Amino acid sequence: METKKGEKMDRRVRKTRAQLRAGLARLMQQKNIKEITVKELVDEIDINRSTFYLHYTDIYQMLQSIEGELMEDILEAIKEHPLDPGMKEEGYSFAIQLFRILAANKDICAALMGPNGDMAFVEKIEKLVEDAVLPELFTMFPQNVNDIKYAYAFCINGCVGMIKCWLTGDSDDTPEHMAYLTHNIISEAPRNFAAKVLNSGQERATV
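Caption draft 1: Summary view of the packing of aromatic side chains. The final tally for this structure, using the stated rule, is three aromatic pairs. A centroid spacing of 5.3 Å and a plane angle of 85° characterise the contact between Phe52 and Tyr53, whose relative ring orientation is edge-to-face. For Phe52, a relative accessible area of 0% puts it in the buried group. Ring geometry for Phe99 and Trp166: centres 5.3 Å apart, planes at 65°, overall edge-to-face. Residue Phe99 is located in helix α5 (residues 88–104), and its partner Trp166 is located in helix α8 (residues 145–168); the two are separated by 67 residues in the primary sequence. Each of the two residues, Phe99 as well as Trp166, counts as buried.

What follows is the structure, encoded as structure tokens:
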């Protein structure tokens, strides 16, 4: 009986936190996090203030908790799919898992990446992906480190824009499809760019 009671309580906690998260995401579409009050949030989802304080101390702590959980999920995905120059499949598998995380948290991720969101959080995710991807590209093209950095910066900013479009639009494209597009942009484009630069340099050297 205690186990069932505990499971019921866990479900209740998860349900309440999901409601709070959804309510916060809606409010963040309208205003900056600094302007959102606990009263507004609990009114938005029709719960008591006391219920909110059972889970979080304030709006900022709630946002930090949500971002922390998302970061943990992404870090776990990186650990499960370590990138290696000889293992392209892992890069694609990581991209799939990343987009599944974004899809499972679509509303709050769209809010975090929106005009009233937290760009510092977006930059943290970019840094995680950069630390996982760039070493692979540097290993493949050690003569073109700076060029790879420029090409990667161009690609990752384009991918962030693509993710925003996917999260905020009405598209029914799957996480798997988006992962395919993103993986090709981030991994193949810098490689092709570096290869062309390298070949161009060799051709100039022989002239």
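Text resumes after the structure shown.
Caption draft 2: Looking closely at the nonpolar core. One finds Leu24, Met28 and Phe52 to be the most contacted residues of the largest nonpolar core, which totals 57 residues. Listing elements by their share of this core, those giving two or more residues are α1 (2–28), α2 (38–45), α4 (59–80), α5, α6 (106–112), α7 (119–140), α8 and α9 (175–206). Discounting chain neighbours no more than four positions away, the residues touching Met28 are Ile33, Ile36, Leu63, Ile108, Ala111, Leu112, Asn116 and Gly117.

Caption draft 3: Representation of the pattern of salt bridges. Overall, the coordinates contain six salt bridges when judged by the stated rule. The salt bridge involving Arg26 is made with Glu44; its shortest N-O contact spans 2.8 Å. Taken together, the positions of Arg26 in helix α1 and Glu44 in helix α2 put the pair 18 residues apart, joining distant regions of the chain. Assessed through its relative accessible area of 39%, Arg26 is described here as partly exposed. Across the pair Lys39 and Asp43 runs a salt bridge whose closest N-O atoms are separated by 2.8 Å. With Lys39 and Asp43 both in helix α2 and four residues apart, this pair spans about one turn of that helix. Take Lys39: its relative accessible area is 48%, and that puts it in the partly exposed class.

Caption draft 4: Representation of unusual backbone geometry in the model. Of note in this structure, Asp46 is not a glycine but carries a positive phi near 60°. Position of Asp46 relative to the elements: it lies in the loop between α2 and α3 (49–55). Taking relative accessible area as the criterion, Asp46 reaches 69% and is therefore assigned exposed.

Caption draft 5: Representation of the environment of Glu67 in the model. For Glu67, the position within the fold is in helix α4. With 42 residues separating them along the chain, Glu67 and Cys109 place their C-alpha atoms 9.2 Å apart.

Caption draft 6: Expanded view of α7. Its 22 residues place the ends of α7 31 Å apart at the C-alpha level, agreeing with the 32 Å of an ideal helix rising 1.5 Å per residue. At Glu130, α7 shows its strongest bend, of approximately 30°. For α7, the full list of buried residues reads Phe121, Val122, Ile125, Leu128, Val129, Ala132, Val133, Leu134, Glu136 and Leu137. Regarding α7, its N-cap is Asp118, as a side-chain oxygen of that residue lies 3.1 Å from the backbone nitrogen of Ala120 further along.

Caption draft 7: Examining α4 more closely. Taking 1.5 Å as the rise per residue, α4 with 22 residues should run 32 Å; its terminal C-alpha atoms sit 32 Å apart, in good agreement. Residues Ile59, Met62, Leu63, Ile66, Glu67, Leu70, Met71, Ile74, Ala77 and Ile78 constitute the buried set of α4. A side-chain oxygen of the first residue of α4 lies 3.1 Å from the backbone nitrogen of Tyr60; this N-cap is Asp58.

Caption draft 8: Region of the structure containing the side chain of Thr182. With respect to the helices, strands and loops of the structure, Thr182 is situated in helix α9. Thr182 sits in the buried class, given a relative accessible area of 7%. Among all residues touching Thr182, those that are not within four sequence positions of it are Phe99, Cys159 and Met162.

Caption draft 9: Spotlight on the confidence of the model for the protein. For the protein, the average pLDDT comes to 83, and 82% of its residues sit at 70 or higher. When mean pLDDT is taken per element in the protein, α2 scores highest with 97 and α9 scores lowest with 68. The model gives residues 201–207 a pLDDT under 50, and that stretch makes zero contacts with residues more than four places away or in other chains.

Basis of the calculations
- Residues numbered from 1 in each chain as written.
- Predicted model: local features only at pLDDT ≥ 70, side-chain atom pairs only at ≥ 80, totals over all residues.
- Heavy atoms only, no water.
- Phe/Tyr/Trp six-rings, centres within 6.5 Å; stacked < 30°, edge-to-face > 60°.
- Buried < 20%, exposed > 50% of the residue type's maximum accessible area, 1.4 Å probe, protein only.
- Helix = DSSP H or I, 4+ residues; strand = E, 2+ residues; numbered from the N terminus.
- Core = buried A, V, L, I, M, F, W, Y, C linked by side-chain atoms within 4.5 Å.
- Contact = heavy atoms within 4.5 Å.
- Salt bridge = Lys/Arg side-chain N within 4 Å of Asp/Glu carboxyl O.
- Expected span 1.5 Å × (residues − 1).
- Bend = angle between axes of the 7 residues up to and from the residue.
- Polar contact = N/O pair within 3.5 Å; in protein donor to acceptor, adjacent residues only side chain to side chain.
- pLDDT = per-residue confidence, 0-100.

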